[in-house]
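Close look at the chain arrangement
The primary structure of each chain is shown beneath.
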Amino acid sequence: MTKTQTISMTATGPEAASSTAQFLTPVVLGLQALAVNGKQAHWNVRGSNFIAIHELLDTVVANAQGFADLAAERIVALGLPIDARVSTVAEKTGATRVPAGFAQWQDEITAVVTDMDAVIADVQAAIDALDETDLTSQDVAIAIKAGLEKDRWFLSAHLAA
Ligand SMILES: [Fe+2]
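Calculation criteria
Residues numbered from 1 in each chain as written. Predicted model: local features only at pLDDT ≥ 70, side-chain atom pairs only at ≥ 80, totals over all residues. Heavy atoms only, no water. UniProt positions renumbered as here; feature names shortened; annotations may be inferred. Helix = DSSP H or I, 4+ residues; strand = E, 2+ residues; numbered from the N terminus. Buried < 20%, exposed > 50% of the residue type's maximum accessible area, 1.4 Å probe, protein only. Salt bridge = Lys/Arg side-chain N within 4 Å of Asp/Glu carboxyl O.

An unreviewed UniProt entry annotates the chain as DNA starvation/stationary phase protection protein of Microbacterium flavum. Here is the UniProt Sequence similarities (unreviewed entry) comment for the chain, exactly as written: "Belongs to the Dps family."

**A closer look at the environment of Lys150**
Note on placement: Lys150 falls in helix 5 (residues 135-156). Look at Lys150 and you get partly exposed, because its relative accessible area is 46%. For the pair Lys150 and Val112, spaced 38 residues apart in sequence, the C-alpha separation works out to 14 Å.

**Some details on the pattern of salt bridges**
Taken as a whole and assessed by the stated rule, the structure comprises five salt bridges. Among the salt bridges present, the one from Asp117 reaches Arg152, with a minimum N-O distance of 2.6 Å. Remark: Arg152 occurs in helix 5 and Asp117 occurs in helix 4 (residues 105-133); sequence separation between them is 35 residues. When the shortest N-O distance is used, the salt bridge between Glu149 and Lys145 registers 3.1 Å. Highlighted residues: Glu149 and Lys145, both in helix 5, separated by four residues, approximately one helical turn. Here Glu149 falls in the partly exposed class, since its relative accessible area comes to 34%. Overall, the relative accessible area of 18% leaves Lys145 in the buried class.

This is the structure:
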């Protein structure tokens, strides 16, 4: 005779889950927007630094997608859903600075770094708040911040004197 054992869907309590969803959802949406707008910059960049910036922007996009996955899956691992539909991303994230058409590499970098700074501010808010409610989710936010700040450096170094 087989015996079915009942297990809880999550190991972490509801307060930690709701706090994680509250603070990591804006991070997920911002990163998804960064991935889309980073591609826009990747395609339309022009000028003397074309190939370096074109290729670096693909790395920024791939990392943003990976970070979004990390944050979204932390929310879902705690038992809550994530709404990251394109319409929700558009509604909840600010307008990008990335231009609609061709732009010089300096302008593309400035735009993408400005977009990254908005995401980094949300990540910092998550780090601060999750310190009280879920240290594992805070660890996820800290890892994302470190990665974003590295990519920010790689981009902004092209403009440094
Ligand atoms: Fe490409």
